[in-house]
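Residue-level structure breakdown
Listed below are the residues making up each chain.
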Amino acid sequence: MIMKHIDNGSDKIKFQRNLKIYILVTFGFSWLMWLPLVINHMWNARLPVLPIQHYLASFGPLVGAIVTSSISDGWSGVVKWGQRAFSLRFSLKWLLIAIGLPVVYGIVAMAVHRIITGIWPDWSQFGLTAKLPGLNIWLTAVVWMVTYGLGEESGWRGYLLPELFRHYSLLKASLIVAAIWILWHLPAFGFNPNYINMGFGVIGWTISLAYGSLLLSWICQGSSWSIIPVILWHAGFDLLTASDQAATIMAAVCSMLVIVHGIYLSRRLSVIKSNAI
């Protein structure tokens with residue numbers, strides 16, 4: 001009993017240390033990437049930035065996962081994280097769910113757009129955005145998959161969620177991830193027009209991220225902690241909501257569907273307790 005108590009105590013200390021390291025590295029990398037953009041926008045400075053500077057910040061969670069795993073358990077820790085996060089050992093149904101859900105969102109969103117505006121969305125502009133000029137829908141999808149998919153999910157669901165789940169229910173772990181995920185976006189409100197002009201819409205954005213975290217946790221845990229289905233879902237969702245013609249109606253509908261699904265899942269996630277991962 002004494003030895004078990006000592007083990008539990010040392011495990012908690014290690015968990016708390018790793019959590020602090022992960023947040024410090026993730027936020028540090030991403031916020032340093034965003035800092036010149038914030039300074040340029042708020043103080044009309046002319047600091048040199050790369051055309052892809054904004055997107056480089058999305059790799060903060062990935063860098064945080066690799067650095068924290070390395071500091072905690074050396075190279076073997078990085079290998080263990082990678083084998084779990086990018087495992088192909090999950091049921092095919094989760095791949096279908098990850099791809100199918102954004103398809104359903106898109107169908108419903110386009111139908112609502114038709115009902116409200118009286119016209120269908122312009123199919124030739126589907127998924128395209130001025131933020132990625134010259135890219136067709138397939139290359140745009142690859143960008144979302146590599147940045148917000150691989151870059152973010154390697155950390156949020158690939159590292160942080162499993163670590164938290166060792167100590168909390170899946171619901172609580174998901175909400176903690178959501179809180180950290182929301183705070184991580186703060187610099188975007190200093191340079192990104194989509195965030196700056198959000199106004200009271202920030203309330204809906206916060207709620208959608210919180211329930212989106214529940215949905216992604218459900219997919220990740222169901223996929224035996226592989227983030228491959230999560231990456232595909234995230235890329236598909238961004239392809240729908242980040243396109244220029246989805247800026248109003250379609251994006252709002254997709255977010256509302258995520259919120260509804262998240263509410264439905266909340267009770268299920270609350271009873272899923274920590275197990276060995």
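Preceding block: the structure.
Residues numbered from 1 in each chain as written. Predicted model: local features only at pLDDT ≥ 70, side-chain atom pairs only at ≥ 80, totals over all residues. Heavy atoms only, no water.

Quick word on a nonpolar patch on the surface
On the surface, Trp31, Leu183 and Leu186 cluster together to form a nonpolar patch covering roughly 280 Å² of accessible area. Position of Leu183 relative to the elements: it lies in helix α6 (residues 170–184). (Patch = residues over 30% accessible without salt bridge, like charges linked within 9 Å, V, L, I, M, F, W, Y side chains within 5 Å. Areas by Shrake-Rupley, 256 points an atom, 1.4 Å probe, with all protein chains shown as cover. Salt bridge = Lys/Arg side-chain N within 4 Å of Asp/Glu carboxyl O. Helix = DSSP H or I, 4+ residues; strand = E, 2+ residues; numbered from the N terminus.)

Describing the pattern of salt bridges
Scanning the entire structure with this criterion turns up 3 salt bridges. Salt-bridge contacts for Asp73 lead to Lys14; the nearest nitrogen and oxygen are separated by 2.8 Å. One end of the pair, Asp73, is in helix α3 (residues 60–85); the other, Lys14, is in helix α1 (residues 2–43), and 59 residues separate them in sequence. Taking relative accessible area as the criterion, Asp73 reaches 39% and is therefore assigned partly exposed. Residues Arg166 and Glu163 are paired through a salt bridge, measuring 3.6 Å at the closest nitrogen-oxygen approach. (Buried < 20%, exposed > 50% of the residue type's maximum accessible area, 1.4 Å probe, protein only.)

Things to note about the nonpolar core
By size, the foremost hydrophobic cluster in this structure holds 60 residues, and its most contacted members are Tyr105, Trp156, Leu215, Trp218, Ile219 and Trp233. Every element with two or more residues in this core is listed here: α1, α3, α4 (92–117), α5 (137–165), α6, α8 (201–222), α9 (228–241) and α10 (249–270). If we skip the residues at most four places from it in the chain, Trp156 touches Tyr22, Thr26, Pro61, Leu161, Val177, Ile180, Trp181 and Trp184. Of all hydrophobic cores here, the second largest spans 8 residues; its members include Leu132, Tyr148, Ala235 and Leu239. (Core = buried A, V, L, I, M, F, W, Y, C linked by side-chain atoms within 4.5 Å. Contact = heavy atoms within 4.5 Å.)

A short note on the packing of α6 against α8
α8 packs onto α6 with a crossing angle of 130 degrees between their chain directions and a minimal axis gap of 9 Å. Comparing their axes, α8 and α6 come out oblique. When the axes of α6 and α8 are compared, the crossing they make is right-handed. Contact residues: Leu170, Leu171, Ser174, Leu175, Val177, Ala178, Trp181 and Ile182 in α6; Trp205, Thr206, Leu209, Ala210, Ser213, Leu214, Leu216, Ser217 and Gln221 in α8. Partitioned by chemical class, the residues of the contact of α6 with α8 number 12 nonpolar, 5 polar and no charged. (Axes fitted to C-alpha atoms, helices over the stretch in contact; angles between N-to-C directions. Parallel < 35°, antiparallel > 145°, perpendicular 65-115°, else oblique. Left-handed = near helix turned anticlockwise from the far one by under 90°. Nonpolar A, V, L, I, M, F, W, Y, C, P; charged D, E, K, R; others polar.)

Remarks on the packing of aromatic side chains
Applying the stated criterion to the full structure yields 19 aromatic pairs. Between the aromatic rings of Tyr105 and Trp233, the centroid separation amounts to 6.2 Å while the plane-to-plane angle is 85 degrees, which identifies the pairing as edge-to-face. Note that Tyr105 is positioned in helix α4 and Trp233 in helix α9, a separation of 128 residues in sequence. The pair Tyr105 / Trp233 is uniform in exposure class, with both members buried. Counting every residue linked through ring pairs, the aromatic cluster contains Tyr22, Trp34, Trp156, Tyr159, Trp184 and Phe191. Taking the ring centre of Trp181 as reference, the NZ or CZ of Arg157 above it sits at 4.5 Å. (Phe/Tyr/Trp six-rings, centres within 6.5 Å; stacked < 30°, edge-to-face > 60°. Lys NZ or Arg CZ within 6 Å of the ring centre and 35° of its normal.)

A few points about the packing of α8 against α9
Packing of α8 against α9 leaves a shortest axis separation of 8 Å and a crossing angle of 145 degrees. Note on packing geometry: the crossing formed by α8 with α9 is right-handed. Seen from α8, the contacting residues are Leu215, Leu216, Ile219 and Cys220; seen from α9, they are Pro229, Val230 and Trp233.

Observations regarding the side chain of Asn192
In this structure, Asn192 sits in the loop between α6 and α7 (193–196). Using a relative accessible area of 10% as the deciding quantity, one classes Asn192 as buried. Reaching out from Asn192, the side chain makes a polar contact with the backbone nitrogen of Asn194 at a distance of 2.9 Å. (Polar contact = N/O pair within 3.5 Å; in protein donor to acceptor, adjacent residues only side chain to side chain.)

Everything listed here is a matter of coordinates, which is why it stays silent on function.
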